Amino acid sequence: MIDLRSDTVTKPSPEMRKAMYEAEVGDDVFKEDPTVNKLEEYIAELLSKDAALFVPSGVMGNQISLNVLTEPGDEVICDREAHIFNYESSSVARLSGIQIYPLDGELGVLTPAQVEPYIRTTAYHMPRTKVIEVENTHNRRGGTIWPIDAIVYLKNLAKKHGLYYHLDGARIWNAFVETGISPKEYASHFDSVSCCFSKGLGAPIGSAIAGSKEFIKEAYRVRKAWGGGMRQVGILAAAALYAVQHNIKRLKEDHRRAEVLAKRINENPSLEINMEAVHTNILLFKPLRMKPEEGLKLCKEKGLILTPGTINSLRAVTHLDVNDDDISKAANIIDEVFK
Ligand SMILES: *Cc1c(COP(=O)(O)O)cnc(C)c1O
């Protein structure tokens, strides 16, 4: 079975497992796990922030960040396809008592002209706008990259209005290998950043958030309050450390394979794909002569698993555990199914 459902399906390699096996551990709730401490220092340095915190998942990383940056009743502005709005089980409401104001970004990118009218006045009957959020690369827009200029323009707007600026950088590594803009430079524009080790980097679990000393101090408190205080978790931090130290550069391979597959899809008259949106490892495409669910089912019968994408589309994601041969087989299956 060729599994292109997500880059989260990768399994830890023997070398990664060896790093996990050999990890020195301690009780991280006492901050005594040397491997976790090493990972957090490494990430703080990599993103050029005062400090970082290891968290079990990307969702927890984003939600802790938003919780620290807001008070109940506050509002966060982001693209309407943002992960925090669509894929985090309404945690902004459940956990922080805040709400999202979604705007429709072009390939997920919001402009100051678009956002500024929706920053609330201080009228007592209105919510308070507190955070602007950016997702880079953008998952539900098909792995699209925010241009660095767009990031800077929106930062200037956030600063002008005294708002916090948060980056959901679950796949910031993919943006980096494609643009050459370092994670450090991307992160420098934001107050807080989240990033994932369990996507294309291939770790079994784990994310990190980074920001100022005060931000991470509060984040540490919130992580514990939400049951995310972990003990001898160096065994997992070792996998994360291995992932960031070994698996970033090779993401370029995933992007190359996604492009190969995208071209094949684009040549098929029964399918529609926006080649302009093919930036990294996520493809969204529309079957024109078949219902997406039907296509999913037929692909699966022939040995290819995909997921539904945004409305009426299918989604394919390349990753560490698929090779050129898998991609060419996947393309053939797609051509057979969508004739
Ligand atoms: C995967 C992902 C997350 C984190 O989700 P988890 O389910 O916690 O791994 C956050 N943001 C984006 C954009 C993602 O793709």
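Coordinates for the structure precede this section.
So, how was this worked out
- Residues numbered from 1 in each chain as written.
- Predicted model: local features only at pLDDT ≥ 70, side-chain atom pairs only at ≥ 80, totals over all residues.
- Heavy atoms only, no water.
- Helix = DSSP H or I, 4+ residues; strand = E, 2+ residues; numbered from the N terminus.
- Rg over C-alpha atoms; globule rule 2.2 N^0.38 Å.
- Contact = heavy atoms within 4.5 Å.
- Areas by Shrake-Rupley, 256 points an atom, 1.4 Å probe, with all protein chains shown as cover.
- Buried < 20%, exposed > 50% of the residue type's maximum accessible area, 1.4 Å probe, protein only.
- Pairing = 2+ DSSP bridges.
- Axes fitted to C-alpha atoms, helices over the stretch in contact; angles between N-to-C directions.

## Concerning the overall build of the protein
Next up, step 1: For the protein, the helix and strand inventory stands at 14 helices and 13 strands.
Next up, step 2: Taking 339 residues into account, the globule formula puts the C-alpha radius of gyration at 20 Å, and the protein, at 20 Å, falls close to it.
Next up, step 3: In terms of its C-alpha atoms, the protein occupies a principal-axis envelope of roughly 55 × 55 × 35 Å.
Next up, step 4: Restricting the contact set of the protein to residue pairs at least 6 apart, pairs at least 24 apart contribute 75%.
Next up, step 5: For the protein, the computed accessible surface area is about 15,100 Å², with 51% contributed by carbon and sulfur atoms.

## Side note on the environment of Arg128
Next up, step 1: With respect to the helices, strands and loops of the structure, Arg128 is situated in strand β5 (residues 128–135).
Next up, step 2: Arg128 gets classed as exposed once you look at its relative accessible area, which sits at 58%.
Next up, step 3: Separated by 200 residues in the primary sequence, Arg128 and Ser328 have C-alpha atoms spaced 51 Å apart.
Next up, step 4: Excluding residues within four positions of it along the chain, Arg128 makes contact with Gly73, Asp74 and Glu75.

## Quick look at the sheet that holds β5
Next up, step 1: The strand order across the open sheet built from seven strands is β2-β8-β7-β6-β5-β3-β4, with neighbouring strands paired in mixed fashion. Edge positions in the sheet fall to β2 (51–55) and β4 (99–103), since each has one partner strand and no second. Each adjacent strand pair in this sheet contributes to an overall mean axis angle of 20°, direction not counted.
Next up, step 2: Bridge analysis of strand β3 (residues 74–79) against β4 gives five bridges, and the strand direction is parallel.

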